[in-house]
Amino acid sequence: MNTVLSRANSLFAFSLSVMAALTFGCFVTTAFKDRRVSVDIHVSKVMLKNVDDFTGPRERSDLGFITFDISADLEPIFDWNVKQLFLYLSAEYATKSNSLNQVVLWDRIILRGENTKLNLRDMKSKYFFFDDGNGLRANKNITLTLSWNVIPNAGILPLVAGSGHVSLPFPEQYEATKSY
């Protein structure tokens, strides 16, 4: 009565429906897991320069340099549904022109099976810490936070902030820049 193609189509559709239901079931087993862990961030050196900004109008902008330490045990985050973590250290601060500034200073990808204990010492920013003006100078509340995106095998991509951050003031004076 039914052709071979009709039967193959029914079998394929049923198999796809079963696999979708199994994938959803796998997602539900880890969907409500708390993925926060404690993070210890320590800043050992802060330096500030006022440099030419070549990306816009010919004005000078603040450029910050930070040396930091990070300690965290990310083992509780990993389970069977975590493929990798995308870690990033961000700085948040307010200036006169912007109520919220966010700058990513450093990042790293940790795959399943790699060492999940972070013990980083004397790390420098991977990316430039530019402000679009002079908002870093004498800023008393710059907050560094380690956050991560969980990349699962199945399910949503949660964005999680670690339960530890550090607030630091920036210097009131610029470091002398050398002219060559």
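What you see is a predicted model, and the numbers here were worked out from it, not measured in a lab.

Conventions adopted
Residues numbered from 1 in each chain as written. Predicted model: local features only at pLDDT ≥ 70, side-chain atom pairs only at ≥ 80, totals over all residues. Heavy atoms only, no water. Phe/Tyr/Trp six-rings, centres within 6.5 Å; stacked < 30°, edge-to-face > 60°. Helix = DSSP H or I, 4+ residues; strand = E, 2+ residues; numbered from the N terminus. Buried < 20%, exposed > 50% of the residue type's maximum accessible area, 1.4 Å probe, protein only. Domains from an automatic or database assignment. Contact = heavy atoms within 4.5 Å. Buried area = accessible area lost by both parts, 1.4 Å probe. Salt bridge = Lys/Arg side-chain N within 4 Å of Asp/Glu carboxyl O. Nonpolar A, V, L, I, M, F, W, Y, C, P; charged D, E, K, R; others polar. Pairing = 2+ DSSP bridges.

Engineer: Describe the packing of aromatic side chains, and please don't skip the residues or the numbers.
Structural biologist: Summed over all chains, the structure comprises six aromatic pairs. Arranged with centres 6.4 Å apart and planes meeting at 75 degrees, the rings of Phe68 and Trp106 form a pair that is edge-to-face. Note that Phe68 is positioned in strand β2 (residues 60–73) and Trp106 in strand β4 (residues 101–111), a separation of 38 residues in sequence. For the residue pair Phe68 and Trp106, the accessibility class agrees, reading buried in each case. Through pairs of rings, three or more aromatic residues link up here, namely Tyr93, Phe129 and Phe170.

Engineer: Explain the domain arrangement of the protein to me, and be specific about the residues and the numbers.
Structural biologist: Domain assignment breaks the protein into domain 1 (1–32) and domain 2 (33–168). Contact with domain 1, which involves seven residues of that partner, is made by nine residues of domain 2. When domain 1 packs against domain 2, close to 570 Å² is buried across both sides, 62% of that on carbon and sulfur atoms. The largest share of the area that domain 1 buries against domain 2 comes from Phe27, Thr30 and Phe32, three residues that together contribute 72% of it. Linking domain 1 with domain 2 are zero salt bridges. Tallied by class, the residues present in the side of domain 1 that touches domain 2 amount to four nonpolar, three polar and no charged.

Engineer: If you had to explain the pairing of strand β8 (residues 159–168) to someone new, which residues and values would you point to?
Structural biologist: In the case of a regular strand, side chains alternate between the two sheet surfaces. Alignment of strand β7 (residues 142–152) against β8, held across seven bridges, turns out to be antiparallel. Opposite Thr143, over in β8, you have Ser167 as the bridge partner. Between β7 and β8, which pair antiparallel and follow one another directly, the connecting turn spans six residues, one of which, Gly155, has a positive phi of 120 degrees.

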